[in-house]
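The lines below spell out each chain.
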Amino acid sequence: MRFHLYSDCNSMKGEKAMVNSKVRKGLSAVAATVITVLMAAGCSSGGTVQMADKDGAGKEGQPVKPVEPPQEPVELVIYYPYVSDWDEAGLMQTFGEPIKKKYPYITPTFIVGDSRPGRSITDLIAAGQKIDIMFCSIGATPPTLLDPKLEYDITPLIKKYGYDLNKLEPTSLDMARQIAKGGLYGLPAYVPPSALYYNKDIFDKFGVPYPKDGMTWDEMYELNKKLTRKEGDGQYYGLSMSFSGAAQMNARKLNPIDPATEKSAINTAGWKSFAENFIRFYQIPGYGTSVDVGAQFNRFFKDRNTAMFVELTGIHGALLEGMNFDIASFPVFADAPSAGPQPYLTYYYIPNTSKVKDQAFQAISYFTSEEFQQQKAREGKLLPILQNKTVKESFGQDVPLFKGKNTKAMLPQAYGAPSAVTRYNGIATTEFYNAVIAVIGGTKDLNTAFRDAEEIANQKIQTAKPK
């Protein structure tokens, strides 16, 4: 499974157990739901139920009647925008079957968007297609949710059902609140790994020690120099990566767009310094100037002539079959060793057009539960968005491919602070990419490349703005 970084067209900590699993097995779905609501609301010994505040926390002394979601039969239509990630059958297996088992009165139906006429979110809404839940990455949120004006603040539902936001990874909420200007349009669904895959056989071949957790970009650069070499007729490379993806998820909290002016903000000292960190990797003798993401990807996974791959958007289980690999944590900057990359999250949104928002919220609440998150983590399907350490470290436990691997490195110790999300981020990030290519290829110096990139980005933004 691969998670798309959305550019101009298109990457999980202490939840309290809601109901003990052994007890739940002996309860009906209705009883389990009632207990879940009671526990989330927080009943006191005197029979007082806590009222949920904005973040789902309780306030003592305010008795309220426990709320139970409607349980009559209902169809939930769930939209996912990327046909290359999952098809309808894959979504049904991963999300649909678990929700049907948990709540038999819910019938999920999936629609996957693609380039065919009538499959975009705007075409579907115009045709009167009901949609109750949308899965959208950070990058896909502006064109899929905001531009069609489908946003709906779920804060009243969070209060109504006493949903505990404190169980979620904090950065995921910070990003969501920034998108919703203080509210919440949805709940975080999952996050792609941010880590370093490495081929142990190449390190062994050249007698170079394996990467370690916590390595800096400077240390990675030194490894790249040692491992980029010609051996007989074969060329070997130290590192492959997508620096455009790294820019979108940068640990420096650099904004590609000024959210106040909606103009490009890439011609700055911060962005130039960030670019120089990556440009040097491509200037090592023998590395070559090709920065094509597909070629970089194939060097590691297909050709297997590259020692390391900086992972930003996918788990790639099938592509790792047969490789003697392991995992180290995402590289950090020497002056900010505790700051990992930003998470490239996917969110579950409830559009304002849904007629069954309560049942839709019940479904996305389950998708963010410890029960669901841990099961999908163990299956190697999704990386959790919960703060619970046990859940976070359970990834791949039921998958032979990941047995004995350093899977805890797939999530950073701490995510970097989120950049601003605007509908024009993809335009600016693409021009950042083009500027770096120009510098690596020697067609422009750094200052000229970034000055031109910002100018082009602003022209494209002006053209893209609603008339």
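If you look the protein chain up in an unreviewed UniProt entry, it shows as Extracellular solute-binding protein from Paenibacillus ginsengarvi.

Engineer: Please clarify how the overall build of the protein chain should be interpreted in this entry.
Structural biologist: Along the protein chain, the regular secondary structure elements total 17 helices and 14 strands. Per-residue burial for the protein chain yields a buried fraction of 56% across its 467 residues. Counting every atom, the protein chain has about 19500 Å² of accessible surface; 51% of that belongs to carbon and sulfur.

Engineer: Before we go on, may I ask you to explain the sheet that holds strand 7 (residues 195–199) in this structure?
Structural biologist: Consider a sheet: its strands pair through backbone hydrogen bonds, and that pairing is either parallel or antiparallel. Here we have five strands laid out as an open sheet, ordered 8-9-12-7-13, and mixed in their pairing. Edge strands, defined here as strands with exactly one partner in the open sheet, are strand 8 (229–231) and strand 13 (325–329). Averaged over all pairs of adjacent strands, the angle between strand axes in this sheet comes to 25°, irrespective of strand direction. Relative to strand 12 (residues 306–311), strand 7 runs antiparallel, the two sharing four bridges. In the sheet register, Ala-195 faces strand 12, and the bridge partner there is Glu-311. The sheet contacts of helix 9 (residues 217–227) involve strand 7, strand 8, strand 9 (234–240) and strand 12, and relative to strand 9 the element is tilted by about 175°.

Engineer: How should the pattern of salt bridges be read in this particular structure?
Structural biologist: Side chains that differ in charge, positive against negative, can pair when their charged atoms come close. For the coordinates displayed, the defined rule picks out 15 salt bridges. A salt bridge links Lys-130 to Asp-132; the nearest nitrogen and oxygen atoms lie 2.6 Å apart. Overall, Lys-130 belongs to the partly exposed group, its relative accessible area being 35%. Taking relative accessible area as the criterion, Asp-132 reaches 1% and is therefore assigned buried. One salt bridge in this structure joins Glu-262 and Lys-465, with 3.8 Å as the shortest N-O distance. Taken together, the residues Glu-262 in the loop between strand 10 (257–258) and strand 11 (263–264) and Lys-465 in the segment after helix 17 (446–464) connect sequence positions 203 residues apart. Residue classification places Lys-465 among the partly exposed residues on the basis of a relative accessible area of 23%. Each of Lys-376, Glu-379 and Lys-381 takes part in salt bridges that share partners, so that together they form one network.

Engineer: Which parts of the structure should I look at to understand helix 7 (residues 170–179)?
Structural biologist: Structurally, the α-helix is built with 3.6 residues per turn, so residues lying three or four positions apart point the same way. For helix 7, the full list of buried residues reads Thr-171, Ser-172, Leu-173, Met-175, Ala-176 and Ile-179. Elements that come into contact with the buried residues of helix 7 comprise helix 5 (141–146), strand 6 (186–190) and strand 14 (346–349). Measuring from the side-chain oxygen of the N-cap residue of helix 7 to the backbone nitrogen of Thr-171 gives 2.8 Å; that N-cap residue is Glu-169. Lys-181 sits one or two positions beyond helix 7 and adopts a positive phi of about 55°.

Rules and cut-offs
Residues numbered from 1 in each chain as written. Predicted model: local features only at pLDDT ≥ 70, side-chain atom pairs only at ≥ 80, totals over all residues. Heavy atoms only, no water. Helix = DSSP H or I, 4+ residues; strand = E, 2+ residues; numbered from the N terminus. Buried < 20%, exposed > 50% of the residue type's maximum accessible area, 1.4 Å probe, protein only. Areas by Shrake-Rupley, 256 points an atom, 1.4 Å probe, with all protein chains shown as cover. Pairing = 2+ DSSP bridges. Axes fitted to C-alpha atoms, helices over the stretch in contact; angles between N-to-C directions. Contact = heavy atoms within 4.5 Å. Salt bridge = Lys/Arg side-chain N within 4 Å of Asp/Glu carboxyl O. Polar contact = N/O pair within 3.5 Å; in protein donor to acceptor, adjacent residues only side chain to side chain.

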